[in-house]
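# Structural description and commentary
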Amino acid sequence: MSDIWIMRIGHRPERDKRVTTHVALSSRALGARGIYVDTEDPKLEENIRSVVERFGGDYTIKTGITWKQVIKDFKGKVVHLTMYGERVDEALPHIPKDEDIMIIVGAEKVPIEVYERADFNVSVGNQPHSEIAALAIFLDRFTEGKALYSDRDGGEIRVIPTVRGKRVVELSK
Ligand code: SAM
């Protein structure tokens, strides 16, 4: 599978800090390679990098970017998640797995140019909900569930799934 990137548009640092953090963490856990966020937010970058340091894997974050420029330079397919888009089950078979994809999610109203530029406007149900939910369902289906327990290189700790309690291995020990 090729690389999956996330583009977060309309991030307002004060208002959206928790949701954008969860967009990044959920996409990382579900197999994305990194996230671009349009508004500069050093605190958000620091939080996400500290999770990557502890839990490993290859996930990058860049904030304060111009979405149009990043998309222009991106070689791959652009998928915009929106409740107005085509059904996810109908879109998925047409989204290539041998090319990188950039998934755009909004915070507030998304500019019309995003709908026009996207190769795929995809809905995850036709009801308004959340960018975190939309991304999680889309990624889980796109990766066919394979990202959830995938191995990650580096980091300091590993969580071992267990029926009861918490099993955490410290890698340096
Ligand atoms: N009111 C905003 C608008 O008109 O674009 C939408 C805000 S919504 C809280 C934030 C983001 O969640 C959207 O930009 C979209 O990426 C995602 N989203 C919400 N519901 C969705 C759905 N049913 N399918 C796909 N994405 C959805």
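For the structure itself, look to the data block above.
Residues numbered from 1 in each chain as written. Predicted model: local features only at pLDDT ≥ 70, side-chain atom pairs only at ≥ 80, totals over all residues. Heavy atoms only, no water.

What follows covers the site of the ligand. The immediate surroundings of the ligand are formed by 19 residues, with Leu81, Gly106, Val124, Gly125 and Gln127 found nearest. Residue Thr82 places a main-chain N or O atom 3.4 Å away from a nitrogen atom belonging to the ligand. The backbone of Gly106 places a nitrogen or oxygen atom 3.1 Å from an oxygen atom of the ligand. Protein contact buries 78% of the 570 Å² of open area that the ligand shows by itself. Elements supplying a minimum of two residues to the shell around the ligand: β4 (77–87), β5 (101–106), β6 (120–123) and α6 (131–142). It is β4 that contributes the most residues to the shell around the ligand, three residues altogether. A breakdown of the residues in the shell around the ligand according to their chemical character gives nine nonpolar, seven polar and three charged. (Near = heavy atom within 4 Å. Polar contact = N/O pair within 3.5 Å; in protein donor to acceptor, adjacent residues only side chain to side chain. Areas by Shrake-Rupley, 256 points an atom, 1.4 Å probe, with all protein chains shown as cover. Helix = DSSP H or I, 4+ residues; strand = E, 2+ residues; numbered from the N terminus. Nonpolar A, V, L, I, M, F, W, Y, C, P; charged D, E, K, R; others polar.)

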